[in-house]
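Remarks on the overall topology
The lines below spell out each chain.
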Amino acid sequence: LKPFWLKLKPAHLLADNRLSEMPVGPFPARSPAPWAELNKVTEVCGADAIFKEGERSEGPLDLGAAVKSGDLSTAPREVDLLIVGGGLSGAVIAERCSKELGFTSLIIDKRDHIGGNCYDYVTPHGIRASKYGAHLFHTNYERVWDYITQFSEWMPYDHRVRGRVPDVDGVEQVVPIPPTQETVNALFKENITTEAEMQAWYDKQRVKPPTGEATNGEEAALSRVGPLLYDKIFKHYTKKQWDKYPEELDASVLLRLPCRTNTDERYFGDTFQALPVRGYTRIFENMLLRDPNISVRVNVDYFAEREAGRLPKYKMLVYTGPIDSYFSQAGMPKLEYRSLHFEETYIEEPDQGFYQEAMVVNYPSADVPFTRIVEYKHVANQTEAVKKGEVKGSLIAKETSSDVGEPYYPVPNTQNQELYERYRILAEKESEVCFVGRLASYKYFNMDQAILNALEIYDSLKETGKLQPKRRPEDFGPGDGPK
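Below is a summary of the structure that appears in this document. (Residues numbered from 1 in each chain as written. Predicted model: local features only at pLDDT ≥ 70, side-chain atom pairs only at ≥ 80, totals over all residues. Heavy atoms only, no water.)

Quick look at the packing of helix 5 (residues 181-188) against helix 6 (residues 195-205)
- Where helix 5 meets helix 6, the closest approach of the two axes is 11 Å, and the angle between their N-to-C directions is 60 degrees. It follows that helix 5 is oblique to helix 6 by the angle criterion. Considering only the axes of helix 5 and helix 6, their crossing is left-handed. Along its contact with helix 5, which presents Gln181, Val184 and Phe188, the element helix 6 presents Glu195, Met198 and Trp201. (Axes fitted to C-alpha atoms, helices over the stretch in contact; angles between N-to-C directions. Helix = DSSP H or I, 4+ residues; strand = E, 2+ residues; numbered from the N terminus. Parallel < 35°, antiparallel > 145°, perpendicular 65-115°, else oblique. Left-handed = near helix turned anticlockwise from the far one by under 90°. Contact = heavy atoms within 4.5 Å.)

Considering the sheet that holds strand 11 (residues 294-298)
- Taken together, five strands build an open sheet; the order of strands is 11-3-2-12-18 and the sheet is parallel. Taken across any chain shown, the strands that pair with only one partner, and hence form the sheet edges, are strand 11 and strand 18 (433-435). On average, each strand axis in the sheet is inclined to that of its neighbour by 20 degrees, with strand direction left out of account.
- Pairing between strand 2 (residues 78-84) and strand 3 (residues 105-109): four bridges, direction parallel. Along strand 3, the bridge assignment pairs leucine 82 with leucine 106. (Pairing = 2+ DSSP bridges.)

Observations regarding the packing of aromatic side chains
- Using the criterion set out here, one finds 27 aromatic pairs in the structure.
- On the numbers, 6.4 Å between centres and 80 degrees between planes, the contact of tryptophan 154 with tyrosine 280 is edge-to-face. Taken together, the residues tryptophan 154 in strand 7 (residues 153-156) and tyrosine 280 in helix 9 (residues 280-289) connect sequence positions 126 residues apart.
- Classification of tryptophan 154 as buried rests on a relative accessible area of 0%.
- Aromatic rings pair up to connect Tyr302, Phe303, Tyr319, Tyr326, Phe327, Tyr423 and Phe435 into one cluster.
- Sitting above the plane of the tyrosine 132 ring, arginine 111 keeps its charged end 4.0 Å from the centroid.
- Over the aromatic face of phenylalanine 445 sits the side chain of lysine 443, whose NZ or CZ is 5.1 Å from the ring centroid. (Phe/Tyr/Trp six-rings, centres within 6.5 Å; stacked < 30°, edge-to-face > 60°. Buried < 20%, exposed > 50% of the residue type's maximum accessible area, 1.4 Å probe, protein only. Lys NZ or Arg CZ within 6 Å of the ring centre and 35° of its normal.)

A few points about the pattern of salt bridges
- Summed over all chains, the structure comprises 32 salt bridges.
- With a shortest N-O distance of 3.1 Å, aspartate 48 and arginine 278 are connected by a salt bridge. Remark: arginine 278 occurs in the loop between strand 10 (272-276) and helix 9 and aspartate 48 occurs in the loop between strand 1 (45-46) and helix 1 (49-52); sequence separation between them is 230 residues. The exposure classification of aspartate 48 matches that of arginine 278, with both residues buried. (Salt bridge = Lys/Arg side-chain N within 4 Å of Asp/Glu carboxyl O.)

Shown next, in the form of structure tokens:
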């Protein structure tokens with residue numbers, strides 16, 4: 001017998017009538033009332049200077065031959081800041097230091113584009129897609145929202161996720177994730193209709209940790225959602241993401257599991273939730289490409305250029321790469337990261353134009369090798385061709401976690417945290433280097449956390465004359481991590 005994932009079909013081809021109700025058109029961008037009203041982004045807002053000046057291309061702008069050449073001989077020979085990495089952390093610091101202080105910066109990146117993992121583009125078929133997995137912006141920080149809306153127009157968007165999960169009889173159901181009343185009813189044949197009933201169900205399910213306080217991820221999960229939801233949705237999904245079962249991870253990883261007692265299907269509960277109208281790359285284009293104080297060179301390996309003596313003179317180095325790579329000659333073990341691999345398939349003409357029910361459909365069962373499928377065509381900031389129905393096909397990406405490839409996520413356990421502390425001590429001795437961002441801090445930052453961290457580092461520069469963090473990475477609280 002083939003495992004069921006080999007026999008998966010788009011939802012509209014399944015025999016079960018409840019699962020065959022495929023939406024006509026994309027999955028709605030807004031959540032039903034009253035939950036959509038909790039999002040303070042109610043209409044298109046923000047500013048896109050590049051668009052305002054007449055640029056109508058929907059994909060990334062051509063950076064030009066000099067920027068893409070990988071040749072630093074054409075770059076400025078002396079700058080205030082040499083910034084390694086063209087993602088959020090480096091871009092924010094470069095932009096702030098230029099606009100308010102007149103600092104010059106050279107941003108270098110080993111990839112062939114700006115934007116870091118936020119980079120998105122338009123495929124040859126005309127679909128806007130993300131190169132490094134789906135990115136969903138959400139924040140409770142008004143300062144971050146006020147800042148980021150200077151560089152893009154934004155549209156309101158309430159991200160919602162579906163999961164394909166076998167119920168108690170082994171019949172696959174499509175349910176909201178995080179779990180809601182609907183999820184519990186569908187998987188366990190309950191008939192919960194009120195928040196009080198849902199709370200009572202959780203109270204009956206939950207298992208208190210043996211010592212009173214959760215000491216690992218499994219104890220945390222059981223204390224939050226109980227064994228039924230833990231086994232169906234969280235246990236094996238966690239294993240696929242981290243290659244570790246929850247009992248091998250810090251309790252903090254699963255203590256943040258959402259326990260919805262209501263009907264709110266939104267993946268995030270933040271005050272501001274939105275998508276950049278012309279994609280995430282446009283944010284970086286507006287931040288960096290129109291500023292004469294900021295130079296960019298991609299296809300540049302910092303370590304190779306340092307070894308060859310080709311780096312420009314600079315007053316301060318801003319380093320956003322893996323901290324263990326920077327100190328590779330220290331002879332210490334490498335930190336553990338998880339990477340992501342994306343198996344992309346273009347579906348020529350799926351029925352009604354879409355392959356699956358929503359942009360993101362998770363597969364938490366153990367016998368499915370991938371974690372989720374992302375169908376970009378559903379997302380609300382698609383190209384005009386998609387919105388007009390001119391693109392008949394659809395692009396899907398099956399996502400698999402791995403320990404091989406570019407580092408995405410730090411692996412949160414005691415051994416890695418202790419090792420990072422040793423690296424952090426080394427970093428504090430580098431007085432002319434600012435270590436910032438997810439990889440340099442060995443901390444998963446959400447986009448808004450990365451922006452706020454960079455803004456606060458800039459605040460420190462204004463207040464003390466030195467680029468340095470105002471707080472430790474863990475003080476920002478948990479990021480979303482793998483979704």
